[in-house]
Amino acid sequence: MHELSICNALIEEAQNEVRRSGRTGRIRRIDLTIGRLSGVSCDSLRFAFDLLKPGTDLEDARMAIAEPKATCYCRTCNARVEIDDYVMQCPECFGGNIAIEGGRDLLLESIEIED
Ligand SMILES: [Zn+2]
């Protein structure tokens, strides 16, 4: 489960961010963006988070995940269609001249700290 190492990295990143900001309150919540095409399972990530957070600055933190969809743009018919999974052809005209946009992000968007 590579979500464990991803989660580890996210926890590290969040702790480093907070230390760098000089704030000392407990971390209440972290907001993540995980694109549908990033290959990361949000369920596994939540599971990993609960497993890893004890003993870290994120012990009491909640993890909120936004899961933006990707878009398939077709150069043949100019259709722009939201997709959950990779596609090989345009969902509208079934042409193969397409570009997949977005959906691959894996970001720590924000950290909420208790005052
Ligand atoms: Zn098309």
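Data block above holds the structure.
Here is a short report on the structure shown in this document.

What counts, and where the lines are drawn
- Residues numbered from 1 in each chain as written.
- Predicted model: local features only at pLDDT ≥ 70, side-chain atom pairs only at ≥ 80, totals over all residues.
- Heavy atoms only, no water.
- Helix = DSSP H or I, 4+ residues; strand = E, 2+ residues; numbered from the N terminus.
- Rg over C-alpha atoms; globule rule 2.2 N^0.38 Å.
- Contact = heavy atoms within 4.5 Å.
- Areas by Shrake-Rupley, 256 points an atom, 1.4 Å probe, with all protein chains shown as cover.
- Lys, Arg positive; Asp, Glu negative; His and termini not counted.
- Charge placed at Lys NZ, Arg CZ, Asp CG, Glu CD.
- Pairing = 2+ DSSP bridges.
- Axes fitted to C-alpha atoms, helices over the stretch in contact; angles between N-to-C directions.
- Salt bridge = Lys/Arg side-chain N within 4 Å of Asp/Glu carboxyl O.
- Buried < 20%, exposed > 50% of the residue type's maximum accessible area, 1.4 Å probe, protein only.

Below, the discussion takes up the overall build of the protein chain. When you go through the protein chain residue by residue, the secondary structure sums to two helices and six strands. Listing the helices and strands of the protein chain from first to last along the sequence gives α-β-α-β-β-β-β-β. Scaling as 2.2 N^0.38, a compact globule of 115 residues should have a C-alpha radius of gyration of about 13 Å, whereas the protein chain reaches 18 Å, well beyond that. With respect to the three principal axes, the spread of C-alpha positions in the protein chain is 55 × 30 × 15 Å. Pairs at least 24 residues apart make up 68% of the contacts formed inside the protein chain by residues separated by at least 6 positions. Accessible area of the protein chain: about 6,900 Å², with a carbon and sulfur share of 44%. For the protein chain, the centre of its 14 positive side-chain charges and the centre of its 21 negative side-chain charges are spaced 2 Å apart.

Further remarks concern the sheet that holds strand β1 (residues 27-34). With mixed pairing, the three strands of this open sheet are ordered in space as β2-β1-β6. Here the strands that pair on one side only, and so sit at the sheet edges, are β2 (62-66) and β6 (106-113). Each strand axis lies, on average, 20 degrees off the axis of its neighbour in the sheet, ignoring direction. Pairing geometry for β1 and β2, over five bridges, is parallel. When the bridges of β2 are listed, D31 appears paired with A64. Packed on one face of the sheet, helix α1 (residues 3-21) meets β1 and β6 and runs near 45 degrees to β6.

Tallied over the full model, the rule gives eleven salt bridges. As a salt-bridge pair, R19 and D57 come within 3.4 Å of each other at their nearest N and O atoms. You can see R19 sitting in helix α1 and its partner D57 sitting in the loop between α2 (42-52) and β2, a full 38 residues away along the chain. On the basis of relative accessible area, R19 is assigned to the exposed category, the value being 53%. Judged by relative accessible area, D57 falls into the partly exposed class, the value being 34%. One salt bridge connects K53 with D50, and the closest N-O pair in it is separated by 3.6 Å.

For C7, the position within the fold is in helix α1. Note: C-alpha distance between C7 and K53 (46 residues apart in sequence) is 9.3 Å. Among all residues touching C7, those that are not within four sequence positions of it are L45, A48, F49 and L52.

Quick look at the sheet that holds strand β5 (residues 98-101) now. If you trace the three strands from one edge of the open sheet to the other, you get β4-β3-β5, paired in antiparallel fashion. Lying at the two open borders of the sheet, with one neighbouring strand each, are β4 (80-83) and β5. With strand direction ignored, the average angle separating the axes of adjacent strands in the sheet is 25 degrees.

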